[in-house]
Protein chains: 2
Amino acid sequence: LDYQHVQVPFEITLWIMLASLAKIGFHLYNKLPSVVPESCLLIFVGLIMGGIIYGLNDRSPPVMDSDIFFLYLLPPIVLDAGYFMPSRPFFENIGTILLYAVVGTIWNVFGIGFSLYGICQVKAFGLQDVSLLHNLLFGSLIAAVDPVAVLAVFEEIHVNEKLHVLVFGESLLNDAVTVVLYKLFRSFCEMPTIKTVDVFAGVGKFFVVGLGGVLVGLIFGMTAAFTTRFTKDIRVIEPLFVFLYSYLSYLTAEMFHLSGIVAIIACAMGMKRYVEANISLKSHTTVKYFMKMWSSVSDTLIFIFLGVSTIGENHEWNWPYICFTVIFCLIWRALGVLVLTFFVNRFHVNTITGKDQFIIAYGGLRGAICFSLVFLLPDFHRKKLFIAATTVVILFTVFIQGMTIRPLVDLLAVKRKRESSPTVGEQIHIRFLDHLLAGIEDISGHWGQYYWKDKLEYFNSKYLQKLLLREYDQPKSSIVLLYEKLERKHAIELAEAGQLGHAPSPPALLNNNRTVTMDKKWEETLNPNVLDNIQEILARNLYRIRRTGPAYNRHTLPGESEPVEHAQEILILRHKNL
Amino acid sequence: LDYQHVQVPFEITLWIMLASLAKIGFHLYNKLPSVVPESCLLIFVGLIMGGIIYGLNDRSPPVMDSDIFFLYLLPPIVLDAGYFMPSRPFFENIGTILLYAVVGTIWNVFGIGFSLYGICQVKAFGLQDVSLLHNLLFGSLIAAVDPVAVLAVFEEIHVNEKLHVLVFGESLLNDAVTVVLYKLFRSFCEMPTIKTVDVFAGVGKFFVVGLGGVLVGLIFGMTAAFTTRFTKDIRVIEPLFVFLYSYLSYLTAEMFHLSGIVAIIACAMGMKRYVEANISLKSHTTVKYFMKMWSSVSDTLIFIFLGVSTIGENHEWNWPYICFTVIFCLIWRALGVLVLTFFVNRFHVNTITGKDQFIIAYGGLRGAICFSLVFLLPDFHRKKLFIAATTVVILFTVFIQGMTIRPLVDLLAVKRKRESSPTVGEQIHIRFLDHLLAGIEDISGHWGQYYWKDKLEYFNSKYLQKLLLREYDQPKSSIVLLYEKLERKHAIELAEAGQLGHAPSPPALLNNNRTVTMDKKWEETLNPNVLDNIQEILARNLYRIRRTGPAYNRHTLPGESEPVEHAQEILILRHKNL
């Protein structure tokens, strides 16, 4: 038996296997996951495993390594989050999200830090040796809402898209603030005296960390998109580039002490539309499903490790400090959300309701990021107290808040997510309104979001698409893509139900001329790029149905050169109408 | 800048990125990959990189770590090979493959070992200190044909399936022989005296290593299939199990000193049909494409590392020994193939032609396995000579043989692979012949392959399928699966060409009664399981087309409860006919 030789991969594989089997186990009893969030169950499994290891070895089970967490477990989850982020609600609410993420987190850090310092002054608790700086350092790590925990809970409760994006976006973007404040206070703790210039340097650093992360992410994202221009002949490695470049962006950002989370989010959101247009459909399926699978496994492992690491003798149970930490976390977050939302609502028509505010405040779950940061603290005599407090806050938020949030959402009747995807008609209307509002903003001289969106879209179609998309893959508008997707889905459904007929549908024949004349009206309202696509697809479909319908058989495939012919005939038809 | 922190993942990612970009680079010039096999180009890139590293650092570039190769790079390739192995030609030729893999490899080991020992006796070459055992040890590592190299070359030249499976199957299964002989001779080298019992133990060990590998693989494969029975509610982690269990089978086999390659092949081939039936279509796409991607990256990295490791000062250039090694490798392989094929052809109707024999002998490429094994040799004073000889043999076979095999295949007009996949008609005929031959073998009392296949199929449908497949997923025969696949493909093509009509095709209506009566004739020849499936699918399709055709619209989906109704109506129809 040669265990040494295979130990590392064998144990990693076994951990992943355990995590996956635990996941399957929960779903065998259908009622369980609908009452208790999966994250709680996984922590519970971890606690049991930690207990077993502790019992057998009689020493603390191994703690989750911060390096493993930050380098291997966190990136897949953040990549998944960034890649599947609904970009429209995200950018529509970017101001609010940033306010919550930046100002809200700073508010929480200082609020929690100063109030805990106040508690430390009470002689009865025996905490006078914890300095203000240490309290602020602790505040900086405990204040940050955790994207992994938030995602795990919010994915199951299906609140409306805006609310989801507010909580989730905040939890992602506060990383920049957390990184800066945490490192700032940590270095302050080790400095003999603090000068004013250091404080200003810290403020400046925040912009560097955040914007630098965005820049690194965008550079790698654009490079990824550019690379996939050339993969036409080797489709098999296409999915790889999505993973490689986003991971590189994360590592590069971490290397330069920038925010890795912000970088990977920017990379994923930046490359998505170009990569999707360049790679094949099968590669895209692989990317999507593999990403989901990977993030799901990472997520599972994190919660199990969190449970395992909780067991042991790393804790100093000073209950007053711990209890006040939990209370202050709740109070300051609630206050912060109330105050910030008050200002946000003054500048928005579509306000954040009281119910939404409650869920935002209540959804401020803490998780593995706090946990890893507290273990990364330099050794000092109260580190074990901080670890204990962090553990209790995480368990409290994940268990108590995580388990009660679903009933509360039901009770308050918070607006839910719409079930169906938008129809082609809706998409056309949304796009129409976008153009209209951009025009209004342009005329009124107000540089609002529609104006910027329009400018960005122009820059995109004028320069970026030409650079990043393959030439023969004409850029398609989202409406055309949606239409194609619906058609494909429909075809598969037909095939599976065995209803695949080969003759044309009569209404399509009758509508033929009417549609061609409608084309001309559209020409005046839509931009020429979109119009070309719609015309092309209509031309192809209508022509095909009319001509090749009855004569079709499986062994003759539609030729490659035909579309040109059809387009010509459509042209002739239209000229006759004129 | 904190490079230390991210070094490991950063460098791994960069290597993979380099490999992928090199692959893209080759394909930018369309002519290059059609003349020079990719493996040669990659080794060439590796040589250049090695040269650069050597030039800059002035010391040998790092050699590919044998552990990394065997634990991380080899498994994905073998898994891919096993999973996509065409099982029919493989099992039809299993006897021949085993003969080549076992007897052929032993023949080569001893042939090369003894003849090199002969060369060592020539005083002029200054090699008298290389003992017979060392020569045999070297023979055991240089004799084995390498699956990675064979796959890289044979995937591009598209010879007929039988020839491909013979060479490729041999290269995979000879692993058991190589492992045993290599370890045997290595331990002999360290023993003071060798007893006869050790030799017999070695022979016995071969069966343990080979059959043990198969057993471990099958156990993990069946467990994987069993696990995917329960993944209906969490489709997202389904693909994971395919990778986890097959990797575990490899690691477990390696841990017990069994053949990991044989284990992973057995695992992949064993689980494939059950897993595919259990998991969703999207998960299956992910498994397939991710596996291809991963093996392609591993393959690329191996060849690049091979090139990098070649540069440096690890070599002792004793040219007589090296040249004779190359010559003996060629001669003994050619002789082995000739002799073994002579016996094989005496017992088979479908003989291996002279051209095929030439390609089998010529396709005996050596690769990274030999290379890793030679570095794993215990230190002794002639190790560098062995490394040099191995490097030259690998470069000779990959470059000279790899580059000339395609022109030779063209020149000899070796039978190529058929381009199209089998039609439903062909499948039905093949299955019919299988049953017929199984019956003939049963009557004549000859326990041939058809007899065993039939018994295995019976065991499969009677016990295994019930255990491993989900109940509601009725096991489908391959004909039904093929039909569904063709229909789906067809539907997507129709959707993409815009020809999706919603009315029934007239011929289907006319054929309706005829097909129903044909059903009864089939009943007598086909086994009831297959028949049920065909009937169900025909019943559903014909009924649907006839009834719901013209009234169909996109917003009403075919209901779940209808099939029962249809089956009933079909039953009534048939009763009327009777």
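Residues numbered from 1 in each chain as written. Chains lettered and ligands numbered in written order. Predicted model: local features only at pLDDT ≥ 70, side-chain atom pairs only at ≥ 80, totals over all residues. Heavy atoms only, no water.

**Description of the overall build of chain A**
The helix and strand inventory of chain A stands at 23 helices and zero strands. Put simply, chain A has 578 residues, and 52% of those count as buried. Considering only contacts within chain A whose residues lie at least 6 apart along the sequence, 81% involve residues at least 24 apart. As displayed, chain A offers around 27000 Å² of accessible surface, 66% of which is attributable to carbon and sulfur atoms. (Helix = DSSP H or I, 4+ residues; strand = E, 2+ residues; numbered from the N terminus. Buried < 20%, exposed > 50% of the residue type's maximum accessible area, 1.4 Å probe, protein only. Contact = heavy atoms within 4.5 Å. Areas by Shrake-Rupley, 256 points an atom, 1.4 Å probe, with all protein chains shown as cover.)

**Observations regarding the domain arrangement of chain A**
Residues and elements named next belong to chain A. Taken domain by domain, chain A consists of domain 1 (64–412) and domain 2 (425–472). Taking only C-alpha atoms, the centre of domain 1 and the centre of domain 2 are 31 Å apart. Opposite the 16 residues of domain 1 that make contact, domain 2 presents 16 residues. In terms of surface lost to domain 2, no three residues of domain 1 exceed Arg88, Arg229 and Tyr274, which account for 48% of the buried area on that side. The tally of links from domain 1 across to domain 2 stands at two salt bridges. Ionic pairing is found between Glu457 and Arg273, a salt bridge with its closest N-O pair at 3.3 Å. Here domain 1 is connected to domain 2 by five residue pairs in polar contact (both at pLDDT 80 or more). Within the residue set of the side of domain 1 that touches domain 2, elements represented by two or more residues are helix H5 (87–92), helix H10 (196–227) and helix H12 (260–278). In terms of residues, the side of domain 1 that touches domain 2 owes the most to one element, H12, which gives four residues. (Domains from an automatic or database assignment. Buried area = accessible area lost by both parts, 1.4 Å probe. Salt bridge = Lys/Arg side-chain N within 4 Å of Asp/Glu carboxyl O. Polar contact = N/O pair within 3.5 Å; in protein donor to acceptor, adjacent residues only side chain to side chain.)

**Observations concerning unusual backbone geometry**
Of note, the phi angle at A:Ala413 is positive, near 55 degrees, even though the residue is not glycine. Exposure remark for A:Ala413: the relative accessible area of 53% places this residue in the exposed category.

**Observations concerning the UniProt feature "domain: Cation/H+ exchanger transmembrane" (unreviewed entry) in chain A**
Sites flagged by UniProt as "domain: Cation/H+ exchanger transmembrane" (unreviewed entry) map to residues 17–409 of chain A. This span, residues 17–409 of chain A, is 79% helix and 0% strand, and a straight line between its end C-alpha atoms measures 34 Å. (UniProt positions renumbered as here; feature names shortened; annotations may be inferred.)

**Here we look at the pattern of salt bridges**
This structure, assessed with the given rule, holds 24 salt bridges over all chains. The salt bridge involving B:Asp434 is made with B:Arg88; its shortest N-O contact spans 3.1 Å. With B:Asp434 in helix H18 (residues 424–444) and B:Arg88 in helix H5 (residues 87–92), this residue pair connects regions lying 346 residues apart in the sequence. Judged by its relative accessible area of 15%, B:Asp434 falls in the buried class. In this structure, the salt-bridge partner of B:Lys383 is B:Asp379, at a minimum N-O distance of 3.7 Å. On the basis of relative accessibility, which here comes to 73%, the residue B:Asp379 falls in the exposed class. Taken together, the shared-partner salt bridges in this structure form one network comprising A:Arg88, A:Glu92, A:Asp434 and A:Lys453.

**Some points on a nonpolar patch on the surface**
Judged by side-chain polarity, A:Trp107, A:Ile327, A:Leu330, A:Ile331, A:Leu335, A:Leu338, A:Val339, A:Phe342 and A:Phe343 come together as a nonpolar surface patch covering roughly 780 Å² of accessible area. Among the secondary structure elements, A:Ile327 is positioned in helix H14 (residues 319–346). (Patch = residues over 30% accessible without salt bridge, like charges linked within 9 Å, V, L, I, M, F, W, Y side chains within 5 Å.)

**Let's talk about helix H3 (residues 38–57) of chain A**
Residues and elements named next belong to chain A. If you check H3, its first and last C-alpha atoms are 28 Å apart, about what 20 residues at 1.5 Å a residue would give, namely 28 Å. When H3 is considered as a whole, its buried residues turn out to be Glu38, Ser39, Cys40, Leu41, Leu42, Ile43, Val45, Gly46, Met49 and Gly50. Residues of H3 that are buried make contact with helix H1 (3–28), helix H2 (31–35), helix H8 (147–157), helix H13 (281–310) and helix H17 (383–412). Just beyond H3, the residue with positive phi is Asp58, at close to 60 degrees. (Expected span 1.5 Å × (residues − 1).)

**Quick notes on the packing of helix H8 (residues 147–157) of chain B against helix H17 (residues 383–412) of chain B**
All names here are of chain B. In contact at an axis separation of 10 Å, H8 and H17 are set at 25 degrees when each is read in the N-to-C sense. Compared by their axis directions, H8 and H17 come out roughly parallel. Between H8 and H17 lies a crossing of right-handed hand. Residues Ala149, Val153, Phe154, Glu156 and Ile157 of H8 lie in contact with H17, whose contacting residues are Val398, Gly402, Ile405, Arg406 and Val409. (Axes fitted to C-alpha atoms, helices over the stretch in contact; angles between N-to-C directions. Parallel < 35°, antiparallel > 145°, perpendicular 65-115°, else oblique. Left-handed = near helix turned anticlockwise from the far one by under 90°.)

**Some remarks on a positive patch on the surface**
A surface patch of like charges, here positive, comprises A:Lys282, A:Lys485, A:Lys489, B:Lys282, B:Lys485 and B:Lys489. Of all the secondary structure elements, the ones that give two or more residues to the positive patch are helix H20 (478–497) of chain A together with helix H20 (478–497) of chain B. Looking at where A:Lys489 falls in the secondary structure, it is placed in helix H20. By relative accessible area, which is 52% here, A:Lys489 ends up exposed. (Lys, Arg positive; Asp, Glu negative; His and termini not counted. Charge placed at Lys NZ, Arg CZ, Asp CG, Glu CD.)

**Considerations on the packing of H3(A) against H13(A)**
Residues and elements named next belong to chain A. One way to put it is that H3 packs onto H13 with a least axis distance of 6 Å and a crossing angle of 45 degrees. Taken together, H3 and H13 sit at an angle that is classed as oblique. At the point where H3 passes H13, the crossing takes the right-handed sense. Between H3, through Ser39, Leu42, Ile43, Val45, Gly46, Leu47, Met49, Gly50 and Ile53, and H13, the contact on the second element is made entirely by Thr300, Phe303, Ile304, Leu306, Gly307, Val308 and Thr310.

**Digging into the side chain of A:Asn345**
Residues and elements named next belong to chain A. Its location among the elements puts Asn345 in helix H14. At a separation of 2.8 Å, a polar atom in the side chain of Asn345 contacts the main-chain amide nitrogen of Ile352. With residues up to four places along the chain from it excluded, the contact list for Asn345 reads Thr351, Ile352 and Gln357.

**Considerations on the packing of aromatic side chains**
Throughout the structure, instances matching the rule amount to 55 aromatic pairs over all chains. When the centroid spacing of 6.1 Å and the interplanar angle of 20 degrees are considered together, the rings of A:Tyr321 and A:Phe386 count as stacked. Of the two residues, A:Tyr321 is situated in helix H14 and A:Phe386 in helix H17; the sequence distance between them amounts to 65 residues. Note on A:Tyr321: relative accessible area 0%, which makes it buried. A residue is classified by how much of its surface remains accessible, and A:Phe386, at 0% relative accessible area, is buried. Here B:Trp15 and B:Phe305 contribute two aromatic rings whose centre-to-centre distance is 5.0 Å and whose plane-to-plane angle is 65 degrees, an arrangement assigned as edge-to-face. (Phe/Tyr/Trp six-rings, centres within 6.5 Å; stacked < 30°, edge-to-face > 60°.)

**Digging into the confidence of the model for chain A**
Residue and element names in this part refer to chain A. Summarising the model, chain A shows a mean pLDDT of 80, and 84% of its residues fall at 70 or more. This model gives residues 501–526 a pLDDT under 50, and the stretch forms 44 contacts once residues within four places in sequence are excluded. Predicted confidence is poor over residues 542–564, with pLDDT under 50, and the contacts of this stretch with residues over four places away or in other chains come to 38 contacts. With a pTM of 0.80, the predicted complex shows an ipTM of 0.77. (pLDDT = per-residue confidence, 0-100.)

**Description of the environment of B:Ser39**
All names here are of chain B. With respect to the helices and strands, Ser39 occurs in helix H3 (residues 38–57). Distance from Ser39 to Lys292, taken between C-alpha atoms, is 16 Å for residues 253 residues apart in sequence. Each residue touching Ser39, except ones within four places of it in the same chain, is listed here: Ala152, Val153, Phe303 and Val398.

**As for H17(A)**
All names here are of chain A. In this model H17 runs 40 Å from its N-terminal to its C-terminal C-alpha over 30 residues, within 8% of the 44 Å that 1.5 Å per residue would give. Of all the bends in H17, the largest measures some 35 degrees and sits at Ile405, one to four residues before the proline Pro407. Positive backbone phi, at 55 degrees, marks Ala413, one or two positions downstream of H17. (Bend = angle between axes of the 7 residues up to and from the residue.)

**Quick look at the side chain of B:Thr96**
All names here are of chain B. Summarising the element assignment, Thr96 is placed in helix H6 (residues 94–120). Owing to a relative accessible area of 5%, Thr96 belongs among the buried residues under this scheme. When sequence neighbours within four positions are dropped, the list of residues in contact with Thr96 reads Leu166, Val344, His348 and Ile352.

**Some thoughts on the environment of B:Met49**
Residue and element names in this part refer to chain B. The residue Met49 is located in helix H3 in this model. A sequence separation of 262 residues divides Met49 from Ile311, and the C-alpha atoms of the two residues are 9.2 Å apart. For Met49, the residues in contact, after removing those within four places along its chain, are Trp15, Leu18 and Val308.

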